[in-house]
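What the coordinates show
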Amino acid sequence: MLDFGSYAAASCSGTSRRAFIRTSAAVPAMMSAGLPAMAEIEQARRRAKAKSVILLWLWGGPSHLDMVDPKPDAPDDFRGPFGTIATRTTGMHFTELLPRMAARSDRYTVIRSMQTTNGGHPGAGTVGVTGFEEKPGPVQPNFGAIVAKDRGQQEALPPFFYVGRGIPRDLPRRIEGYGGGTLGKAYDPFLVHCSDRGDVSIPTLKMLPNMSPNRIEDRRTLEKALDVERYRLDSAELERWGQTYQSAYGLLTDEKARVAFDLTRESQKTRSSYGRTTFGQGCLLARRLAQAGVPYVQVNWSEYVETFTPNGDFGWDTHIYNFELLQDRHCPIFDRAYSALLDDLHNSGMLEDTLLVAMGEFGRTPKISTRASREHWQHCYFSLWAGAGVEPGRCIGQSDAKAEYPVTRPVTPLMTGTTMMELCGIGAKERAEMKVLDGGSIIDELF
Amino acid sequence: MLHIKRITLFPIVLASTTFLCAAAELSVDPPTATLKGPRQRLQLVVHSAGPVDVTRQVEYAVEPPGIITVSETGQVTPRGDGTAVVTATIAESAVKAKIVVQDFATVPPVSFEHETLPVLARSGCSGGACHGAPNGKAGFRLSLFGSDSEFDRRALVREAQGRRVSPLNPQNSMLLMKPTMELPHLGGRRFASSDTTYVILRDWITEGCRVEKPAVKCVGINVFPAGPAVLRLPNAVHQLRVIARFSDDSERDVTHLAKFETSDASIADVARNGFVRGYARGDLAVIVRYQHHIETPLLTFVRNVEGFEWSSPVVINEIDAHVDRKLQQMQFTPGDICDDETFLRRVWLDVVGILPTIEERQRFLESTSETKRSELIEDLLERPEYARFWGQKWGDLLRVSRKQIGLDSALTYATWLQTSVQENVPYDVFARQILTATGDTTQNPAANYYRTSADTNDAMETSAQLFLGTRIQCAKCHNHPFERWTQDNYYGLAAVFHRVERKPVLKEEPENDGKKDKKKKNREVRAAVISDVAAGDVIHPSTGQAVLPWVPALGELAVAEQTGRRNAFADWLTAENNPFFAQVEVNRIWTNVMGRGIVEPFDDFRDSNPPSNASLLNFLAEEFRIHKYDRKHVLRLILNSRTYQTSSTVSRFNATDTRYFSHYRPRRLSAEQLVDAISEVVGVQNEFVGVPAGTKATWLPAPDLKPHNQSQLGSVDFLKVFGQPERQSACECERGDETSLGQALELLNGEYLNKRLTAPENRFRQLLQAGTPLSNIIRELYCAALCREPTKKELSVASEYANRATEKTMALEDICWAIVNKDEFLFQH
């Protein structure tokens, strides 16, 4: 009898239906237990184009209607005050707030039929970056943690970065899906903050006043000299610690690592093209990190979803002044930074093997609220995809006349993550072995 | 009803020969059997002397032909009425089994509950990763492992416009075409059309998908060979045979319908037909499931290690005898006893959480007493630091935090826990105080237990995890996937904790300018009054009925009206014959000092997660009971054992052992231990906010008393980075032992350590000022940090470094930094 053993789990978690149809059409006679695996590996190999992923995390829930999915024919209390403009993609219009992006729509693809399961920020945030709800738990790993585990620590730089002020949160709490989840704390993101002036701060990487790289090296040499008659202990935990310590030391002293954080090495022109904003400079930093070989960088628009409340750092959660904020602040910043990053990746050829995704945790209510703004809306929102083999210049999915619900197949965060992983070469088998993204399918329309 | 199975102490040794002896005496199980109807199957198990499983090595011959056939794997299939004799032969020996086939012509319909659903479970279809998932897969959902037959009937027969089954054309049913991959199937190929599973499903569809309730119920299963078995590698194979017992006293072989899994795939795997093959030394449980019945036979795999010789090691107390028995069986050699300095550092860190001072070290090393290690253990157990450190461990488990219960309550609760450890309150009394706590939490801090677990389910889940070592959460929504816990059990146990009332006590209103805050919810909850109420029932979500209190092993819990449900539960829990209570706590104590549980994870007791040394666990539990649940007694016993005092260096004969305690397992200091240790070496006290000066990190009553003092402790929270738990869940797993870059960076270049190295009043600056020679300062740093003198080489390297430097203090900062960054410092060993 055939024994599937643990391998069965691998095929449980999803090879795309299409792949099976393709293969079964081609070689019906070869129907055997080994085949799904073959098809999966083949498919992963074909798709594994992304050396790095950059996720622009638009925290707080950007309004889809006022940005990439305008509904000029919807009733007054839905459509909002903004006019629409044509894009380079036939038949696709944006609002007038995103002129730069409209002029470049042949380089990326828009999904207008995103849908998530949770209507609160931390909950939806976790779904957005892990594919799963926080409850009942255990909390699943962030997509970046999966990539980090798969690629491992390469040279000095950690494999998974958060660029931004802190772990995304709202006033009461931070999201639970920010890091390693079931894969462990070891795969938590490495936090770097980048100011609007381009100063990059990592507390423990900053030289302390009484320290210098030379002195750290002296200390390390001394420690090694003292370690000649090292206490020989044999333990897996010790070994793990040794590796981590070594990487940390590399990060602290390695020239290449330090250079990756140094935005002053970019021309003033480049730096200005991203916009002299925290998010703009963060996008530039993400590009430098990807260039240095970091496989996953998540750029967080803000730490808090809130805009004005204490600690708020202008997230996309525009319960008040939605239209004012989008017009005067959020959209100009985003339009400029996204376009600059896209141009930069394109011109340097990096777009070939860099996947650039932009999305928030949900959209905003199509019906304008009594405060003349928009509230949370998890039933329909958008994401943007570019690079690493994603076919550009298209609009995938469609929402209804008021942008309330998708009328085509909804695309979920789980599918987003699965597709990202597939592009990174983390196929169904690897995912099953890590016990992640169970049941996720691929957004086939992107290819 | 939950059956509690304890581990038998006398395993049958199934294989003591490594090769098959030609003259081996064969035995077959069953020697005689009757098969009724064409669909029944029978698994034969053939053993040669030893006994060694030879089910797949023997040749089967059947006489007369036409009645049965026997496959190479020993499966018997009926072919016609009559009596046949199977002869199994290997080399010169043979054994016979008599098989009677009756009623071959009468074809009973396939039973939905007894056959259809079990084969779907067996093929993985209704497993938690596939259609048994809460949302099913690809629009098709089954109940987990077929636990809800009515639900599954609808899903199979009615849903999807009835396309899943096609009685008029059974082969074209989706139920058959998908798993055989005739149609694309995301789950891959589950079985072939020649498999029994296929035949059963096809026949069931052909017969019109009959779903009548069967007249008889399955009441349990037996797995043969019975009892724990020891198998010798490399040829460790083991065929299992499963017999189901029915309510009409009939029995039937269901090996071909049951589902098999092993608890540890790195040791052995099990094929779908119950054939186990071992790969590595170790113990495991095979989880055998038929319908909702589960049995978990235990298997131990041993190997002859070349050059291994057992030379009787030192035995200090009975713990060592139990450990040695296992080590000898698994062929691992125990390490030597560690030296005095290593022991000193280890036992201090384990019992009181801090490093010994240089004077303490001196005193211990100079003592010439023969029993100085025991004396030191006694001394440490009597110190207040012991109570503070172990009280903090309980604080972790009971979620003592400001966020959960407010500042005042967190402090009183923590103090209560500390006092309880200090006075060595018997563990049964302690458990009862917590579980049955009533009254105002300011008067009775134990009642805070019902504030941190704020509702019925939380209180039940927390209690099950703490006192029964059981993670019952899975059973809330469905029967537990690999345990006997059913959904009924979950709600039955929840009923115990349902009639508890929590009345919040709000903070006194400050009378500012005569105005009172009208919004009650804005006022902070100061405390709560916990009481029992007479009414209120847990409602079972599927039946809608009120559920009566239920406890494992006993069933329905009898409750005396006056004392209430919680008291009845506490009576049952702390009763002498309760199988869980003592084991869970001794395992927790063991884990705290040994770094790994006898059952691991330490709070995950289940039959499918066997202890690595059952007799050791039983011994400790018994000892705990006999000594009236004296926690100190157990701790003392462990600390005095050779097993605890074994060196952490490994030899060729125990390097690969991770679970039998052949050597001490090095582990990194916890966040709090590390902070205290650094403070001790550098000689600068930590100043935590919200606690009296001089409070050590290992005594902190809660992790979130006040925001930490950044100017004193650095802008990064050192404790958090190193895994101090937030105390938001009852699971010890919240305390991370994972390594992260942030931790390494903190040590390499962190503000916290740097502030201490540069502090003007620190140890080496003071010594330098007093004119102490450099080599003596270096010696002192080594003794304080590592409990040992530097070696000659170390001393000369460090002295030279300091002598060469123009700025001596800076050189000493570097040396101290280097010592604190050593594995030997960061790890307990």
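Residues numbered from 1 in each chain as written. Chains lettered and ligands numbered in written order. Predicted model: local features only at pLDDT ≥ 70, side-chain atom pairs only at ≥ 80, totals over all residues.

1. Focus: the overall build of chain A
Within chain A, the secondary structure is distributed over 15 helices and 13 strands. Split into buried and exposed, the 447 residues of chain A put 53% on the buried side. Taking the intrachain contacts of chain A between residues at least 6 apart in sequence as the baseline, contacts between residues at least 24 apart amount to 72%. (Helix = DSSP H or I, 4+ residues; strand = E, 2+ residues; numbered from the N terminus. Buried ≥ 20, exposed ≤ 12 C-beta atoms within 10 Å, placed from the backbone. Contact = placed C-beta atoms within 7 Å.)

2. Some details on helix H16 (residues 564-574) of chain B
Residues and elements named next belong to chain B. Taken together, the buried positions of H16 are occupied by Arg-565, Arg-566, Phe-569, Ala-570 and Thr-574. Buried residues of H16, seen end-on, are gathered within an arc of 150° and therefore sit on one face of the element. Buried residues belonging to H16 abut helix H12 (427-435), helix H15 (487-496), strand E25 (525-532), strand E28 (550-551) and helix H17 (581-594). (Arc of directions from axis to C-beta.)

3. Some points on the environment of Pro-75 of chain A
Its location among the elements puts Pro-75 of chain A in the loop between strand E1 (52-57) and helix H4 (76-79). Along the sequence, Pro-75 of chain A and Ala-401 of chain A sit 326 residues apart, while their C-alpha atoms lie 9.6 Å from each other.

4. Some remarks on the environment of Phe-308 of chain B
All names here are of chain B. Along the polypeptide, Phe-308 turns up in the loop between strand E22 (298-302) and helix H5 (318-330). Judged by the 13 C-beta atoms lying within 10 Å of it, Phe-308 falls in the partly exposed class. Residues Phe-308 and Ala-91, 217 residues apart in the sequence, show an inter-C-alpha distance of 32 Å. Sequence-distant contacts of Phe-308, defined by excluding residues within four places in its chain, comprise Gln-331 and Phe-653.

5. A few points about the sheet that holds strand E8 (residues 68-70) of chain B
Residues and elements named next belong to chain B. Strand order in the open sheet formed by three strands is E4-E9-E8, and the pairing between neighbours is antiparallel. One side of each edge strand has no neighbouring strand; the edge strands of this open sheet are strand E4 (42-43) and E8. Summarising the sheet, E8 and strand E9 (residues 75-78) pair through three bridges and their orientation is antiparallel. In the sheet register, Val-70 faces E9, and the bridge partner there is Val-76. (Pairing = 2+ DSSP bridges.)

6. Let's talk about the confidence of the model for chain B
Residue and element names in this part refer to chain B. Summarising the model, chain B shows a mean pLDDT of 88, and 92% of its residues fall at 70 or more. Confidence over residues 1-23 falls short of pLDDT 50; this stretch has 51 contacts with residues more than four positions distant or in other chains. Here the predicted complex carries an ipTM of 0.78, next to a pTM of 0.78. (pLDDT = per-residue confidence, 0-100.)

7. What about the sheet that holds strand E6 (residues 52-53) of chain B?
Residue and element names in this part refer to chain B. Read across the open sheet, the three strands follow the order E2-E5-E6; overall the sheet is antiparallel. Looking at strand neighbours, the two that pair on one side only are strand E2 (27-29) and E6, the edges of this open sheet. Bridging between strand E5 (residues 45-48) and E6 involves two bridges; their strand directions are antiparallel. Each bridged residue has a counterpart across the sheet, and for His-47 the counterpart in E6 is Asp-53.

8. Points about the domain arrangement of chain B
Interfaces are frequently sized by the accessible area removed from exposure as the parts join. Here the domain parsing of chain B yields domain 1 (27-102), domain 2 (112-206), domain 3 (426-511 + 519-578) and domain 4 (668-828). Taken over C-alpha atoms, the centre of domain 1 of chain B sits 70 Å from the centre of domain 4 of chain B. (Domains from an automatic or database assignment.)

9. Focus: the nonpolar core
By size, the foremost hydrophobic cluster in this structure holds 245 residues, and its most contacted members are Val-53, Val-297 and Val-357 of chain A together with Leu-781, Ile-815 and Cys-816 of chain B. Per-element tally for this core: the top contributor is helix H13 (residues 322-347) of chain A, with nine residues. Ranked by size, the runner-up nonpolar core spans 46 residues in total, among them Leu-142, Ile-205, Ala-258 and Phe-260 of chain B. (Core = buried A, V, L, I, M, F, W, Y, C linked by C-beta atoms within 7 Å.)

10. Quick word on the pairing of E5 of chain B
Residues and elements named next belong to chain B. Here E5 shows a buried face lined by Val-45 and His-47 and a second buried face lined by Val-46 and Ser-48. Here E2 runs beside E5; their pairing, made up of three bridges, is antiparallel. In the strand pairing of E5, Val-28 is matched with Val-46. In this structure, the hairpin formed by E5 and E6 is closed by a connection of three residues, where Gly-50 is found at a positive phi of approximately 140°.

11. Notes on unusual backbone geometry
All names here are of chain B. Along the chain, Phe-224 connects to Pro-225 via a cis peptide bond; the corresponding omega equals -5°. Residue Pro-234 is reached from Leu-233 by a cis peptide bond, and omega for that bond is 10°. Backbone geometry at Gln-291 places phi at a positive 50°, although glycine is not the residue there. Residue placement: Gln-291 occurs in the loop between strand E20 (282-290) and strand E21 (293-295). Phi is positive for Cys-787, close to 65°, though the residue is something other than glycine.

12. Some words on the domain arrangement of chain A
All names here are of chain A. Domain boundaries assigned for chain A yield domain 1 (40-202 + 265-446) and domain 2 (207-260). Taken over C-alpha atoms, the centre of domain 1 sits 36 Å from the centre of domain 2. On the domain 2 side, the residues contacting the eight residues of domain 1 number eight residues. When grouped by side-chain class, the residues that make up the side of domain 1 that touches domain 2 number four nonpolar, one polar and three charged. (Nonpolar A, V, L, I, M, F, W, Y, C, P; charged D, E, K, R; others polar.)

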